[in-house]
Amino acid sequence: MSIQRVGVVGAGTMGNGIAQACAVSGIEVVMVDVSEAAVQRGLVTIGASLDRLIKKDKLSEAQKAQALALVRAGTDYAPLADCQLVIEAATENEALKVKILQQLDALLPPQTLVATNTSSISITKLAAATQRPDRFIGMHFFNPVPMMALVEIIRGLQTSDATHAAVEALSKALGKTPITVKNAPGFVVNRILVPMINEAFFVLAEGTATPEDIDAGMKLGCNQPIGPLALADMIGLDVCLAVMNVYMAEFNDSKYRPCPLLKEMVAAGWLGRKTGRGVYTY
């Protein structure tokens, strides 16, 4: 299946980023959200992002106009029925995602593929909530979507080879580099990344080094663009803790125990950049 038109449910950070990536690649996109205000915020964000690319000489004014012309946005789900693939990019809440996916399932033609942009929820479980589990797949984009090259393609137990092939081809058409992942808690990247962040909190709690030196050590010694503690502040300490709690529950392995300092900081409301204070003060 050649995917020429993509639907995106959600105009937030991930949704508008996915919509932008599609439009810049010449693919028509329908972006929907629950309110007109959310839709307009998403469109403004796309415009601002494209302007930044123009300032960096990575995009022309003509290319910006062409991309924006390919984006149709609103609150009505009906136009999604004309898409070959619809990507759900709502908040990371299982009940909400299931509700949206079931609405899509009732609206979309049987041959339409459905993907979810979840970073943690079981693809197999979400697929089972639809009547098209063989045409359901995970597409985990990374933030900021227009800049990050990776897409994790997650196959549920029911995902067909044809669905996987179509989504893999689309990912490449978007200029992304896809990796194929089996359904498992945290998939690949977050399965490795978040425990590393958790270990950085143990090192900090033990007084082995300052936050600045821990981050500098990982940047200079492991060639990471940002240190694990600064990254935790960017992600949100509450999110990091929630992920570790999922791993602990799913794997029942003590190596996934959340660091007490991480738990304490979340309890204090020090969640990182979004609250103005985490490991660092903003």
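Residues numbered from 1 in each chain as written. Predicted model: local features only at pLDDT ≥ 70, side-chain atom pairs only at ≥ 80, totals over all residues. Heavy atoms only, no water.

Going by the annotation in an unreviewed UniProt entry, the name recorded for the protein chain is 3-hydroxybutyryl-CoA dehydrogenase, with Ideonella livida given as the source organism. Its UniProt record gives the protein chain a comment under Sequence similarities (unreviewed entry), which states: "Belongs to the 3-hydroxyacyl-CoA dehydrogenase family." (UniProt positions renumbered as here; feature names shortened; annotations may be inferred.)

Draft legend 1. Structural view of the overall build of the protein chain. From N to C terminus, the protein chain includes eleven helices and eight strands. Against the 2.2 N^0.38 benchmark of 19 Å for 282 residues, the protein chain shows a C-alpha radius of gyration of 20 Å, consistent with a compact globule. A burial count over the protein chain gives 46% of its 282 residues as buried. Residue pairs at least 24 apart in sequence account for 65% of intrachain contacts in the protein chain once pairs closer than 6 positions are excluded. When the accessible surface of the protein chain is summed, it comes to about 13400 Å², and 55% of that surface belongs to carbon and sulfur atoms. Both charge centroids of the protein chain, one from 25 positive and one from 26 negative side chains, sit 2 Å from each other. (Helix = DSSP H or I, 4+ residues; strand = E, 2+ residues; numbered from the N terminus. Rg over C-alpha atoms; globule rule 2.2 N^0.38 Å. Buried < 20%, exposed > 50% of the residue type's maximum accessible area, 1.4 Å probe, protein only. Contact = heavy atoms within 4.5 Å. Areas by Shrake-Rupley, 256 points an atom, 1.4 Å probe, with all protein chains shown as cover. Lys, Arg positive; Asp, Glu negative; His and termini not counted. Charge placed at Lys NZ, Arg CZ, Asp CG, Glu CD.)

Draft legend 2. Examining the UniProt feature "domain: 3-hydroxyacyl-CoA dehydrogenase C-terminal" (unreviewed entry) in the protein chain more closely. Listed under "domain: 3-hydroxyacyl-CoA dehydrogenase C-terminal" (unreviewed entry) in the UniProt record, and renumbered for this structure, are residues 186-282. The span residues 186-282 is 62% helix and 0% strand, and its two end C-alpha atoms sit 28 Å from each other.

Draft legend 3. Structural context of the environment of Gln 111. With respect to the helices and strands, Gln 111 occurs in the loop between α4 (94-107) and β5 (113-116). If we ignore the near neighbours within four places in the chain, the residues touching Gln 111 are Met 1 and Arg 135.

Draft legend 4. Spatial organisation of a nonpolar patch on the surface. A cluster of nonpolar side chains, Ile 179, Val 188 and Ile 192, forms an exposed patch at the surface whose accessible area comes to about 240 Å². Relative to the assigned elements, Ile 179 resides in strand β8 (residues 177-182). (Patch = residues over 30% accessible without salt bridge, like charges linked within 9 Å, V, L, I, M, F, W, Y side chains within 5 Å. Salt bridge = Lys/Arg side-chain N within 4 Å of Asp/Glu carboxyl O.)

Draft legend 5. Molecular detail of the packing of helix α8 (residues 211-222) against helix α9 (residues 228-235). The interhelical angle for the contact between α8 and α9, taken along N-to-C directions, is 105°, at an axis separation of 7 Å. It follows from the interaxial angle that α8 and α9 lie roughly perpendicular. Taking contact as the criterion, the partners of Pro 211, Ile 214, Asp 215 and Met 218 in α8 are, on α9, Pro 228, Leu 229 and Ala 230. In terms of residue class, the contact of α8 with α9 is made up of six nonpolar, no polar and one charged. (Axes fitted to C-alpha atoms, helices over the stretch in contact; angles between N-to-C directions. Parallel < 35°, antiparallel > 145°, perpendicular 65-115°, else oblique. Nonpolar A, V, L, I, M, F, W, Y, C, P; charged D, E, K, R; others polar.)

Draft legend 6. The domain arrangement of the protein chain, seen in detail. What the domain assignment lists for the protein chain is domain 1 (5-182) and domain 2 (191-275). Relative to domain 2, the C-alpha centre of domain 1 lies at a distance of 29 Å. (Domains from an automatic or database assignment.)

Draft legend 7. Focus on the packing of aromatic side chains. Evaluated as defined, the whole model comprises three aromatic pairs. Pairing Tyr 247 with Tyr 256 gives two aromatic rings, centres 5.6 Å apart and planes at 65°, and the pair type is edge-to-face. For the pair shown, Tyr 247 and Tyr 256 are each scored as buried. Each residue in the set Tyr 247, Phe 251 and Tyr 256 is aromatic and connected to the rest through ring pairs, giving one cluster. Between the NZ or CZ atom of Arg 277 and the centre of the ring of Trp 270, over which it lies, the distance is 3.6 Å. (Phe/Tyr/Trp six-rings, centres within 6.5 Å; stacked < 30°, edge-to-face > 60°. Lys NZ or Arg CZ within 6 Å of the ring centre and 35° of its normal.)

Draft legend 8. View of the side chain of Thr 130. Tracing the backbone shows Thr 130 in the loop between α5 (123-128) and β6 (136-141). From its side chain, Thr 130 meets the backbone oxygen of Ala 127 in a polar contact 2.8 Å long. In contact with Thr 130, other than residues within four places in its own chain, are Leu 101, Asp 105 and Phe 136. (Polar contact = N/O pair within 3.5 Å; in protein donor to acceptor, adjacent residues only side chain to side chain.)

Draft legend 9. Region of the structure containing the environment of Ala 230. Its location among the elements puts Ala 230 in helix α9. On the accessibility criterion, Ala 230 (15% relative accessible area) is buried. Sequence separation between Ala 230 and Val 279 is 49 residues; the distance between their C-alpha atoms is 7.3 Å.

Draft legend 10. Representation of the pattern of salt bridges in the model. Evaluated as defined, the whole model comprises nine salt bridges. When the shortest N-O distance is used, the salt bridge between Lys 125 and Glu 94 registers 3.0 Å. With a gap of 31 residues between them, Lys 125 in helix α5 and Glu 94 in helix α4 connect regions that are remote in the sequence. Beyond isolated ion pairs, a larger network of salt bridges with shared partners links Glu 88, Glu 92 and Lys 97.

Draft legend 11. Representation of the nonpolar core within the structure. Ranked by size, the top nonpolar core spans 35 residues in total, and within it Val 6, Ile 18, Leu 85, Ile 87, Met 139, Phe 141 and Leu 170 carry the most contacts. In terms of residue count, the dominant contributor to this core is helix α1 (residues 13-24) (six residues). With sequence-adjacent residues up to four places away left out, Ile 18 is seen in contact with Val 8, Ile 87, Ala 89, Asn 117, Phe 141 and Val 145. Counting residues in hydrophobic clusters, the runner-up holds 25 residues, among them Ala 232, Tyr 247, Tyr 256 and Leu 262. (Core = buried A, V, L, I, M, F, W, Y, C linked by side-chain atoms within 4.5 Å.)

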